[in-house]
Amino acid sequence: MGRWRDGDGTLTVGTGGEARVIPLRVAASYRARTRGLLGQDGVEGALLLTPCSSIHTFRMRFAIDVAYLDRKLNVVAVRTMKPGRLGLPRLRARHAVESEAGAMAGWGLRPGVRVTVDGVGPADG
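In this text, all values refer to a predicted model and were calculated from it rather than measured experimentally.

Rules behind the numbers
- Residues numbered from 1 in each chain as written.
- Predicted model: local features only at pLDDT ≥ 70, side-chain atom pairs only at ≥ 80, totals over all residues.
- Heavy atoms only, no water.
- Core = buried A, V, L, I, M, F, W, Y, C linked by side-chain atoms within 4.5 Å.
- Buried < 20%, exposed > 50% of the residue type's maximum accessible area, 1.4 Å probe, protein only.
- Helix = DSSP H or I, 4+ residues; strand = E, 2+ residues; numbered from the N terminus.
- Contact = heavy atoms within 4.5 Å.
- Pairing = 2+ DSSP bridges.
- Axes fitted to C-alpha atoms, helices over the stretch in contact; angles between N-to-C directions.

Draft legend 1. The nonpolar core, seen in detail. In terms of nonpolar packing, the biggest core is built from 21 residues, with Leu11, Leu48, Val97, Leu109, Val115 and Val117 touching the most fellow members. For this core, the elements supplying multiple residues, two or more each, are strand E1 (7-13), strand E2 (20-27), strand E3 (46-49), strand E4 (64-69), helix H2 (103-107) and strand E7 (115-118). The contact partners of leucine 48, leaving out residues within four places of it in the chain, are Trp4, Leu24, Arg25, Val26, Ala27, Leu69, His95, Ala96, Val97 and Val117.

This is the structure we're talking about:
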């Protein structure tokens, strides 16, 4: 797989008529991953951090849901984190998706679910 790049796209949870399409911002560069959701009062849709196997919520203004994804974009864990917390590293995680607390349950995002990312996948080469 190639390298991911910063940008906007969509995250699809589920398939067929049950699929949920969520607006997604990808943070693949060091600078974009470091900034993440800091300084924001909320998030429209979700943020994908890649590569990422752990996150923190220091200096965050709101609670978030975090879904850890493996290399094949399978959800390995989902956690809700309040501001000022340090998440445990997930050994199988390669990516993390962040959203406002409670959003992922509504999307059906839970361990074992596979997601797809469109519009900002790995760059060619």
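Draft legend 2. Spotlight on the sheet that holds strand E5 (residues 75-81). An order of E5-E4-E6-E3-E2-E1-E7 is seen for the seven strands of this open sheet, with the pairing classed as mixed. With partners counted over all chains shown, the strands left at the sheet margins are E5 and E7, one partner each. Between one strand axis and the next, the sheet turns by 30 degrees as a mean value, whatever way the strands run. Taken together, the six bridges between E4 and strand E6 (residues 95-100) define a ladder with antiparallel strand orientation. The residue bridging isoleucine 64 from the neighbouring strand is glutamate 100, located in E6.

Draft legend 3. How the structure looks around the environment of asparagine 74. As for its placement among the helices and strands, asparagine 74 is situated in the loop between E4 and E5. By relative accessible area, asparagine 74 is classed as partly exposed at 22%. Distance from asparagine 74 to arginine 5, taken between C-alpha atoms, is 20 Å for residues 69 residues apart in sequence. Ignoring anything within four residues of it in the chain, the contact list for asparagine 74 reads Tyr68, Leu69, Val113 and Arg114.

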